[in-house]
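Structural description and commentary
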Amino acid sequence: MKLSFEEKEYLKGKHGKAAKKAMELLVALGNIYSAKRLIPVESVQIAGVSYQNLGDAGLSLLEELAQDAKVRVPLTTLNPAGIDLENWQNLGIDKNFVEKQERILEAFKKMGVIVTCTCTPYLIGNIPKYGSHIAWSESSAVCFANSVLGARTNRESGFSSLASALTGKTPEYGFHLDKNRKPKYSVLVKAELSGVADFGAFGKALGEKIGNSIPYIKGISHASLDELKSFCASIATFGGTALFHMENITPENVKPPKKEVYITRKDIEKAKKSLSDSGSVDLIAIGCPHASIVEIREIAKELKGKKVKKEFWITCARPVKKIADSMGYTEIIEKAGAKIICDTCIAVAPLKNRFGYMLTNSAKACFYGRGSNNFKVRIASLKECIEEAIK
Ligand code: F3S
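Here we summarise the structure given alongside this text.

**Some details on the overall build of the protein**
Within the protein, the secondary structure is distributed over 14 helices and 14 strands. Computed over C-alpha atoms, the radius of gyration of the protein comes to 21 Å, within 12% of the 21 Å expected from 2.2 N^0.38 for 391 residues, which places it in the range of a compact globule. Counting only C-alpha atoms and orienting by the principal axes, one finds that the protein spans roughly 65 × 55 × 35 Å. Scored against the burial criterion, the 391 residues of the protein give a buried share of 59%. At a minimum sequence separation of 6, the contacts of the protein that also span at least 24 residues come to 78%.

**Regarding unusual backbone geometry**
Backbone torsion omega between Cys288 and Pro289 reads -10°, so that peptide bond is classified as cis. Within the secondary structure layout, Pro289 lies in strand β10 (residues 283-291). Despite not being glycine, Ser34 shows a phi value in the positive range, around 55°. Note that Ser34 resides in the loop between α2 (17-32) and β1 (38-40). A positive phi angle, near 65°, is found at Asn248, a position not held by glycine. Looking at Asn248, the relative accessible area reads 78%, which means it is exposed.

**A short note on the sheet that holds strand β9 (residues 260-264)**
Taking strand neighbours across the sheet as the criterion, the 4 strands line up as β8-β7-β6-β9 in an open arrangement whose pairing is parallel. Only two strands of the sheet have a single neighbouring strand rather than two, namely β8 (245-246) and β9. Here 2 bridges tie strand β7 (residues 215-218) to β8, and the two strands are oriented parallel to one another. Paired with Tyr216 across the strands is His245, a residue of β8. Sheet strands in contact with helix α7 (residues 196-210) are β6 (185-190), β7, β8 and β9, and its direction is about 150° off that of β9.

**Side note on the packing of aromatic side chains**
The full count for this structure, using the stated rule, is 9 aromatic pairs. With centroids separated by 3.7 Å and ring planes inclined at 5°, the aromatic side chains of Tyr122 and Phe144 adopt a geometry described as stacked. Of this pair, Tyr122 sits in the loop between α4 (95-111) and β4 (135-136) while Phe144 is found in helix α5 (residues 139-149), placing the two residues 22 residues apart along the sequence. Phe144 shares its class with Tyr122; the two are buried.

**Description of empty space enclosed by the protein**
Counted by the stated rule, this structure contains 1 cavity of 30 Å³ or more. Size it by volume and the largest cavity reaches roughly 50 Å³. Val196, Asp226, Lys229, Ser230, Ile286, Gly287, Cys288, Pro289, Glu295, Asn361 and Ser362 are the residues that line the largest cavity. Top element by residues in the lining of the largest cavity is β10. It accounts for 4 residues. Split into classes, the residues belonging to the lining of the largest cavity amount to 4 nonpolar, 4 polar and 3 charged.

**With respect to the site of the ligand**
Residues in close proximity to the ligand include Pro80, Cys119, Glu138, Ser140, Gly287, Cys288, Pro289, Cys345, Ala347 and Lys364, which together make up its full environment. Broken down by element, the shell around the ligand gets its largest block of residues, 3 residues, from β10. Classifying every residue of the shell around the ligand by side-chain character gives 6 nonpolar, 2 polar and 2 charged.

So, how was this worked out
- Residues numbered from 1 in each chain as written.
- Predicted model: local features only at pLDDT ≥ 70, side-chain atom pairs only at ≥ 80, totals over all residues.
- Heavy atoms only, no water.
- Helix = DSSP H or I, 4+ residues; strand = E, 2+ residues; numbered from the N terminus.
- Rg over C-alpha atoms; globule rule 2.2 N^0.38 Å.
- Buried < 20%, exposed > 50% of the residue type's maximum accessible area, 1.4 Å probe, protein only.
- Contact = heavy atoms within 4.5 Å.
- Pairing = 2+ DSSP bridges.
- Axes fitted to C-alpha atoms, helices over the stretch in contact; angles between N-to-C directions.
- Phe/Tyr/Trp six-rings, centres within 6.5 Å; stacked < 30°, edge-to-face > 60°.
- 1 Å grid on protein atoms, 1.4 Å probe; cavity = no way out; pocket = protein on both sides within 12 Å on 5 of 7 lines; lining within 4 Å.
- Points joined across faces, edges and corners; volume = space filled by probe spheres on them.
- Nonpolar A, V, L, I, M, F, W, Y, C, P; charged D, E, K, R; others polar.
- Near = heavy atom within 4 Å.

Encoded structure:
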């Protein structure tokens with residue numbers, strides 16, 4: 001790989017020890033993927049923030065890096081952590097976990113990372129522009145940035161995205177290049193899709209059919225931001241896809257390929273059925289990916305004057321909750337007995353075995369509820385989730 005004078009200076013340690021390590025990692029990655037050069041990035045999103053995933057080894061490494069590391073990309077934001085920073089006491093989180101989690105966030109802050117703690121950075125100001133090169137981890141956000149925004153990122157790991165933040169660079173390979181953004185399959189959707197749960201089931205059905213290939217999707221006349229965010233999370237989880245094109249909806253101008261794949265109502269129902277265990281619900285979870293203000297408004301409208309009989313969690317970015325507070329939505333939701341939780345989510349908070357059965361409108365939440373937390377799960381529309389909560 002051809003390196004500039006400045007990039008070589010990083011390797012010599014001229015910008016500090018942490019930046020040297022970061023550059024070494026990016027050069028090694030570039031060599032593995034036969035990149036010709038490093039390119040500048042405008043935005044970074046770092047995943048792998050919860051103490052649950054990082055453990056003591058991750059915490060020590062971050063604290064060591066924070067000794068002399070400083071981000072070179074001002075727009076560097078962070079994925080959810082393991083706790084609600086302002087309200088962990090009410091969620092039954094262990095004090096030792098909280099102390100370790102706070103040290104992790106302190107280390108990121110010391111490096112200059114904006115500790116947003118959300119997987120929907122695009123809802124709170126980290127919105128890369130069309131065609132810009134970025135380095136994001138968090139599979140749902142990567143898929144959203146590539147597909148819906150038309151920015152360009154590979155599916156980075158927590159440490160490769162941090163390395164990009166510390167150097168301002170990423171190796172030019174994969175989705176940064178035009179030739180790798182072309183679709184492999186034309187997907188004809190022969191079903192009317194409506195709502196976050198439908199789009200989540202669609203992502204599962206399609207992901208399982210085409211794996212991590214890029215689809216060109218036809219037949220969807222309308223998709224809201226919340227439906228697209230659900231679809232991104234699901235197709236990335238169940239298929240590994242980091243990019244899709246959707247006719248008349250996503251911005252990139254590409255030709256539909258000849259190879260065709262069909263998705264019917266039967267496929268959607270089959271995907272939903274595979275995300276439906278039997279049992280009795282004790283947790284209702286909305287906000288995977290983190291909820292938008294539109295979703296919170298909808299929940300407030302439905303819960304007004306009612307009481308939930310089960311634990312009901314809505315996870316979102318803190319700035320989104322601030323808007324909900326000022327609009328009076330939080331008060332309505334809390335009066336009904338539900339909780340708006342920030343900075344964390346059901347997959348990265350330490351919830352293993354805390355609940356038995358989770359009802360959710362998110363296909364990705366079903367996957368992690370089963371895999372990470374041993375929950376039984378069922379996917380349902382937002383309306384059905386609310387009906388179950390108040391019945
Ligand atoms: Fe976000 Fe957690 Fe879901 S990081 S996409 S809410 S599993």
